[in-house]
Amino acid sequence: MLVTVLGSGAACPTARRSSSGYLVEWSGGQLLLDASPGTYQRALKAGLDTSRLRAVVLSHFHIDHTGDLAGLLWHRDDQLTIAGPPGTRAFVERVCAAYPDGWLPAPNIISFAELEHVAENIAVRTLPADHSDEAVCIRLTADGQTLAYSGDTADCPGVREALRGADLALLECTGEFDKHCNAAACAEICADAQPRRVYLTHIQHEPDTNLPLAEDGLVLTV
Ligand SMILES: [Zn+2]
Ligand SMILES: [Zn+2]
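Here is a short report on the structure shown in this document. Since this is a predicted model, take the numbers as computed values, not measurements. All chains use their own residue numbering, which begins from 1 and follows the written sequence. Lettering of chains starts at A and numbering of ligands starts at 1, both following the order in which they are written. Thresholds applied to this predicted model are a pLDDT of at least 70 for local features of residues and 80 or more for the giving and counting of side-chain atom pairs; totals over whole chains, interfaces and linings are not thresholded and use all residues. Here the side-chain values reflect all heavy atoms present in the structure, with hydrogen atoms and water set aside.

Six octahedral donors around a metal ideally make angles of 90 or 180 degrees; four tetrahedral donors ideally make 109.5 degrees. Counted as donors are the N, O and S atoms within 2.8 Å of the metal, or 3.2 Å for Na, K and Ca, while water is not among the atoms, so some sites may look incomplete. The protein atoms that coordinate the zinc ion (ligand 1) are D64 (OD), H65 (NE2), D152 (OD) and H202 (NE2), at distances of 2.0 to 2.2 Å. Here the metal geometry follows the donor angles, with tetrahedral for four donors whose angles all fall between 85 and 135 degrees, square planar for four and octahedral for six when opposite donors are more than 155 degrees apart and every other angle is between 65 and 115, and irregular for all the rest. Metal-centred angles of 92 to 164° between the four donor atoms at the zinc ion (ligand 1) mark the site as irregular. Read N to C, the donor residues that coordinate the zinc ion (ligand 1) are spaced as D-H-x86-D-x49-H. Between the zinc ion (ligand 1) and the zinc ion (ligand 2), both coordinated by D152, there is a metal-metal distance of 3.5 Å. With D64 in helix α2 (residues 63–66) and D152 in the loop between β9 (145–149) and α6 (157–163), this pair connects stretches of sequence that are 88 residues apart. Grouping residues by exposure puts D64 and D152 together as buried. The secondary structure listing takes helices from DSSP runs of H or I that are at least 4 residues long and strands from runs of E that are at least 2 residues long, numbered from the N terminus. Type-normalised accessible area, obtained with a 1.4 Å probe on protein chains alone, sets the label of each residue: buried when under 20%, exposed when over 50%, and partly exposed for intermediate values.

Another aspect to go through is the coordination of the zinc ion (ligand 2). Summarising the metal site, the zinc ion (ligand 2) is bound by the protein donors H60 (NE2), H62 (ND1), H131 (NE2) and D152 (OD), whose distances to it range over 2.1 to 2.4 Å. Around the zinc ion (ligand 2) sit four donor atoms, and with donor-metal-donor angles ranging over 92 to 165° the site reads as irregular. Going along the chain, you hit the donors of the zinc ion (ligand 2) in the pattern H-x1-H-x68-H-x20-D. Since its relative accessible area comes to 14%, H131 is described here as buried. The buried category is assigned to D152, whose relative accessible area is 2%.

Here five strands make up an open sheet; going across it, the order is β7-β8-β9-β10-β11 and the pairing mixed. Every other strand in the sheet has two partners, leaving β7 (122–128) and β11 (198–201) as the edge strands with one partner each. On average, each strand axis in the sheet is inclined to that of its neighbour by 15°, with strand direction left out of account. Two strands qualify as a pair provided that DSSP identifies no fewer than 2 bridges between them. The pairing of β9 with strand β10 (residues 168–172) spans three bridges and is classified as parallel. Within β10, the residue paired with Y149 across the bridge is L170. Axis geometry follows a simple rule: fit a line to the C-alpha atoms, using only the stretch in contact for helices, then measure angles between N-to-C directions, giving values from 0 to 180 degrees.

Let us look at the pattern of salt bridges. We define a salt bridge as a side-chain nitrogen of Lys or Arg found within 4 Å of a carboxyl oxygen belonging to Asp or Glu. Counted under the stated rule, the structure contains 14 salt bridges. A salt bridge links E161 to R125, with the nearest nitrogen and oxygen atoms 4.0 Å apart. Linking E161 in helix α6 with R125 in strand β7, this pair joins segments that are 36 residues apart in sequence. Overall, the relative accessible area of 30% leaves E161 in the partly exposed class. Residue D192 pairs with R160 through a salt bridge whose shortest N-O separation is 3.1 Å. Of this pair, D192 sits in helix α7 (residues 183–193) while R160 sits in helix α6, placing them 32 residues apart in sequence. Put simply, R125, D155, R160, E161, R164, E188 and D192 are held in one network by salt bridges that share partners.

Here it is as structure tokens:
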């Protein structure tokens, strides 16, 4: 599995860090994990092959994770598949309804569990995050390797379970914000969950930590 960090920043992008997005490639195709504004273009630059894009997978509905959905839908010749937490259908329908009829082709909206039916050699498990109501932590297993993605969350049992023993973990470290993790929380989560490798991401202010930080454009082999 190959993971490219398309955005290691938080809600407010900076010159160094775009908001959330990750390109995941495995033997069964490619998927996007979250889609902040500009993710589509950054994914193309990082090697996105739209004929191999199996799904866009959403952790929750905040703009820094979904702002490029309209652009992704607009530029697709075939039907885009979107997997997300409960409420994804209504959310995407509201996005589409903001534009004139026919501008955005209706996507194929599926549950996380159905992802295994639209893509080969992948399994997905979600755990409740402590963030917005719908937010989840995501654990993807593909080609025998496990990628854990915290999405946005405060320290909670779900994020610890999502990261437990993962081959690679992308853990949010937004800082001193409600319903997010700071550097101390990230250290505690990792000490408990023991992922084999971890990169901190969703960074608003550069954290004081010994854990490695994700960077935009970073390519990780899992
Ligand atoms: Zn966020
Ligand atoms: Zn959020």
